[in-house]
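Coordinates in review
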Amino acid sequence: MRLRRYFLPVLKETPAEAQIASHRYMLRAGMVKQQAAGIYSWLPLGYRVLSRIKSIVDEEQTRAGHIPMLMPTLQSAELWRESGRYDEYGEEMLRISDRHGRDLLYGPTNEEMITDIFRSHVRSYKDLPLTLYHIQWKFRDEMRPRFGVMRGREFYMKDGYHFDLTEADAKHAYNRHLVSYLRTYERMGLQAIPMKSEGGPIGGDYTHEFLILAETGESGVFYDTRIKDIRLGSQVIDYDDPSQCARILEEFTALYACTDETHDPEAFARVPEEYQHQTRGIEVGQIFYFGTKYSAAMGAIVQNAQGKEVPVHMGSHGIGVSRLVGAIIEANHDERGIIWPEAVAPFGCGIINVKQGDPTTDAACADLYAALRAAGVDPLYDDREERAGAKFATIDLIGLPWRITVGPRGLAQGLVELTHRRTGESEDLAIATAVTRLQEIYRQHQVEA
Ligand code: 5CA
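Structure report, in brief. Each residue is numbered by its place in its chain's sequence as written, counting from 1. Residues qualify for local features only when their pLDDT is at least 70, as the model is predicted, and side-chain atom pairs are given and counted only at 80 or more; totals for whole chains, interfaces and linings, by contrast, use all residues. Each side-chain value is derived from all of the structure's non-hydrogen atoms; neither hydrogens nor water enter the calculation.

1. Thoughts on the overall build of the protein
Per the secondary structure count, the protein includes 14 helices and 23 strands. The C-alpha radius of gyration of the protein comes to 24 Å, within 12% of the 22 Å expected for a compact globule of 449 residues. The principal-axis extent of the C-alpha atoms belonging to the protein is close to 80 × 60 × 45 Å. By residue count, 54% of the 449 residues in the protein fall in the buried class. The contact rule is simple, with two residues in contact once any of their heavy atoms fall within 4.5 Å. Here the analysis covers contacts within the protein between residues at least 6 apart in sequence; of these, 72% occur between residues at least 24 apart. A helix here means a DSSP run of H or I that spans at least four residues, while a strand means a run of E at least two residues long, and both kinds are numbered starting from the N terminus. In this setup the radius of gyration rests on C-alpha atoms only. A globule is expected at 2.2 Å times the number of residues raised to 0.38. The classification of residues rests on relative accessible area computed with a 1.4 Å probe and restricted to protein chains. Under 20% of the type maximum is buried, over 50% is exposed, and intermediate values are partly exposed.

2. Considering the sheet that holds strand S21 (residues 402–406)
A sheet is described by the order of its strands in space; here five strands give the open sequence S20-S19-S21-S22-S23, paired in mixed fashion. Each edge of the open sheet is held by one strand with a lone partner, namely strand S20 (379–382) and strand S23 (426–430). Along the sheet, successive strands turn relative to each other by an average axial angle of 25°, direction set aside. Of the strands in this sheet, strand S19 (349–353), S20 and S21 touch helix H12 (residues 388–398), which is tilted by about 175° from S19. At least two DSSP bridges between two strands are needed for those strands to be called paired. Interaxial angles span 0 to 180 degrees and are taken between N-to-C directions of axes, which are lines fitted to C-alpha atoms, for helices over the stretch in contact.

3. Here we look at the sheet that holds strand S4 (residues 74–76)
Across the sheet, which stays open at both edges, the three strands sit in the order S4-S6-S5 with antiparallel pairing between neighbours. In this open sheet, the two strands that pair with only one neighbour each are S4 and strand S5 (94–97). The average angle at which neighbouring strand axes cross in this sheet is 35°, direction not considered. Relative to strand S6 (residues 103–106), S5 is paired through four bridges, and the arrangement is antiparallel. Note that in S6 the partner of Leu-94 across the bridge is Tyr-106.

4. Quick notes on the layout of surface pockets
Using only the protein atoms, space was sampled on a 1 Å grid; points where a 1.4 Å probe fits but cannot get out form cavities, open sets with protein on both sides within 12 Å along at least five of seven lines form pockets, and lining residues are those with an atom within 4 Å of a point. Grid points are joined across faces, edges and corners, and a volume is the space filled by probe spheres set on the points. Counted as a void, the largest pocket has a volume near 910 Å³. Arg-140, Arg-151, Glu-283, Gln-286 and Arg-323 are the residues nearest the centre of the largest pocket, which is lined by 42 residues in total. Broken down by element, the residue count for the lining of the largest pocket peaks at seven residues, all from strand S13 (residues 276–291). Residues that form the lining of the largest pocket fall into these classes: 13 nonpolar, 16 polar and 13 charged. Put simply, the second largest pocket is a space of about 330 Å³. Contributing to the lining of the second largest pocket are 17 residues, with Arg-52, Glu-342, Ala-343, His-445 and Gln-446 lying nearest its centre. No other element matches the four residues that helix H2 (residues 44–63) contributes to the lining of the second largest pocket. Among the residues making up the lining of the second largest pocket, the classes are represented as seven nonpolar, five polar and five charged. Nonpolar residues are Ala, Val, Leu, Ile, Met, Phe, Trp, Tyr, Cys and Pro. Charged residues are Asp, Glu, Lys and Arg, and all others, Gly as well, are polar.

5. So, the environment of Ser-243
Residue position: Ser-243 is located in helix H7 (residues 242–253). Assessed through its relative accessible area of 51%, Ser-243 is described here as exposed. Spatially, the C-alpha atoms of Ser-243 and Ile-193 are 21 Å apart, while their sequence positions differ by 50 residues.

6. Here's the deal with the nonpolar core
The biggest cluster of nonpolar side chains holds 78 residues, and the ones touching the most others in it are Met-31, Ile-53 and Trp-340. Ranked by residues supplied to this core, first place goes to helix H6 (residues 167–187) with seven residues. With near-sequence residues (within four places) excluded, Met-31 lies in contact with Met-26, Ser-41, Trp-42, Leu-43, Leu-45, Gly-46, Val-49, Val-325, Ile-329, Ile-338 and Trp-340. The set of buried Ala, Val, Leu, Ile, Met, Phe, Trp, Tyr and Cys residues whose side-chain atoms join them within 4.5 Å is what this entry labels a nonpolar core. Within the second largest apolar cluster, 27 residues are counted, among which are Leu-132, Phe-163, Phe-290 and Val-310.

7. Remarks on the packing of H2 against H6
Packing of H2 against H6 brings their axes to within 9 Å, and their N-to-C directions diverge by 145°. Of the two possible hands of crossing, H2 and H6 adopt the one that is right-handed. Each of Ile-56, Val-57, Glu-59, Glu-60, Gln-61 and Arg-63 in H2 lies in contact with H6, whose residues at this interface are His-177, Ser-180, Tyr-181, Arg-183, Thr-184 and Arg-187. Crossings are assigned a handedness: left-handed for a near helix turned anticlockwise from the far helix by less than a right angle, right-handed for a clockwise turn.

8. Some words on the site of the ligand
Proximity is defined per residue: if any heavy atom of the residue lies within 4 Å of a molecule or strand, that residue is considered near it. Taken together, 22 residues sit near the ligand, with Thr-109, Glu-111, Arg-140, Glu-142 and Glu-283 positioned nearest. Any pair of nitrogen or oxygen atoms within 3.5 Å is treated as a polar contact; in protein, a donor-acceptor pairing is required on top of that, and neighbouring residues in sequence qualify only through side-chain atoms on both sides. In this structure, an oxygen atom belonging to the ligand sits 2.8 Å away from a side-chain N or O atom of Arg-140. Taking Arg-323, its side chain carries an N or O atom lying 3.5 Å from a nitrogen atom of the ligand. One can see that the ligand is located within the largest pocket. Contributing elements (two or more residues each) for the shell around the ligand: strand S8 (154–164), S13 and strand S16 (313–320). Being in a pocket or cavity means that more than half of the molecule's atoms lie within 2 Å of its grid points.

9. Thoughts on H2
Between the first and last residue of a helix there are one fewer steps than residues, each counted as 1.5 Å, and that sum is the expected span. End to end, H2 covers 28 Å across 20 residues, agreeing with the expected 28 Å (1.5 Å per residue, within 8%). Taken as a whole, H2 has its buried residues at Leu-45, Gly-46, Val-49, Leu-50, Ile-53, Ile-56, Val-57, Asp-58, Glu-60 and Gln-61. Within two residues after H2, Gly-65 carries a phi angle of roughly 90°, on the positive side.

10. Remarks on empty space enclosed by the protein
Taken as a whole, this structure holds two cavities of 30 Å³ or more when the rule is applied. Considering only enclosed or pocket space, the largest cavity measures out at about 90 Å³ in volume. Leu-182, Tyr-185, Glu-186, Leu-190, Gln-191, Ala-192, Ile-193, Pro-194, Ile-227, Ile-230, Arg-231 and Phe-252 are the residues that line the largest cavity. Put simply, the parts of the chain that give the lining of the largest cavity at least two residues each are H6 and strand S9 (192–196). A per-class count over the lining of the largest cavity returns nine nonpolar, one polar and two charged. Roughly 50 Å³ of internal volume is contained in the second largest cavity.

11. Quick look at the pairing of S19
Counting buried positions over the five residues of S19 gives five, a clear majority of the element. Going residue by residue along S19, you find Cys-349, Ile-351 and Asn-353 tucked away on one face and Gly-350 and Ile-352 tucked away on the opposite face as well. Pairing of S19 with S20 involves four bridges; the strand directions are parallel. Note that in S20 the partner of Gly-350 across the bridge is Leu-380. Pairing between S19 and S21: four bridges, direction parallel.

This is the structure:
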């Protein structure tokens, strides 16, 4: 993309309403625009990051054997009356009526709708196990929407639902989700720690939240610091292997880690003192197992091998896709702006032409731009008639992980400068070497088939 042809409305001033770094930088970098309390337009740069996060979530869900689909944002109140949640859900539910006076609602989650789809089509245990998911906008009329996209009213969520014949199968589905979530967050350069939680309006007493440690998070967190050393890394995962998934869950949940909701001071006191730590965290996902709560209420029944009709065991699983954009910034920024992990960066690198209008420099930049595109690096070329300092500030603010600076002095020796946003380290390289270097870096983030 050439910046002159792009739409990147960066702000010079720090918006007064933004209290935390991610909100400030998302507004300043022209990623989002607030349209009403907790409701945002995603401008091109923000939309790029949101789409990259969505793709990673999709890839990891598919890898775990889960099937993508799409349900509508508006739902009929009838379904929610069947489960009893139409009244229970309270003021967070946005209720709407259509011209015929029929009650609708903007979905805050989809347990009822997916259960309805399931009961309309599945009759036999032979069609199980089944896990369906979608990534769709949700609406919760939060009392205090705040921190930008972190606590929105309209937000983008991945929600998945599994259907199993037995409790044991359902536990495996739960464990499989936990592992696939760990992989998803690791791919985004995040460490999200699973913590025992409470079911809330979704229900179920077996549930974990995934938290990113950050002082600006909304949940209080108590944990054993040794948990920070545990990573999935590049281990090969067989999602069909119940014992491997159970072992990974065990490994990631053995050490103490609780939010203020489930914190148990006595158990925490048993953690050696030097490892006890208390901070705050951002909840970027939650998984639930709630057995037959919805299937029994709504008649999602299958015949088992003995011909007996039984309600299916279910769970639901959510990732806060739009919240992740903010959470990643909270975990990756400095005083100059955002520092995107490569996997979710809106552009792979910035090209800075320090002498726009100089024919040799312009031509070198055009060649470099073409070469990077061909190498799959997806560059943003700052081709504006601006001072070099202003260009550096923009590329730093919007957080591109790499920057290539092109100027007449370097070009005289056939060199450009490659700078790493995170470390600030720079190297003078031949143009072709800089291109290959970035190509290699980004190749690591492409998923193997
Ligand atoms: N049905 C279940 C699982 S699909 C469910 O709705 N779970 S949830 O309530 O925990 O939401 C899933 C994730 O969505 C949360 O972990 C959080 O990351 C994100 N989320 C929830 N509320 C908001 C909000 N108001 N703004 C932004 N993200 C939110």
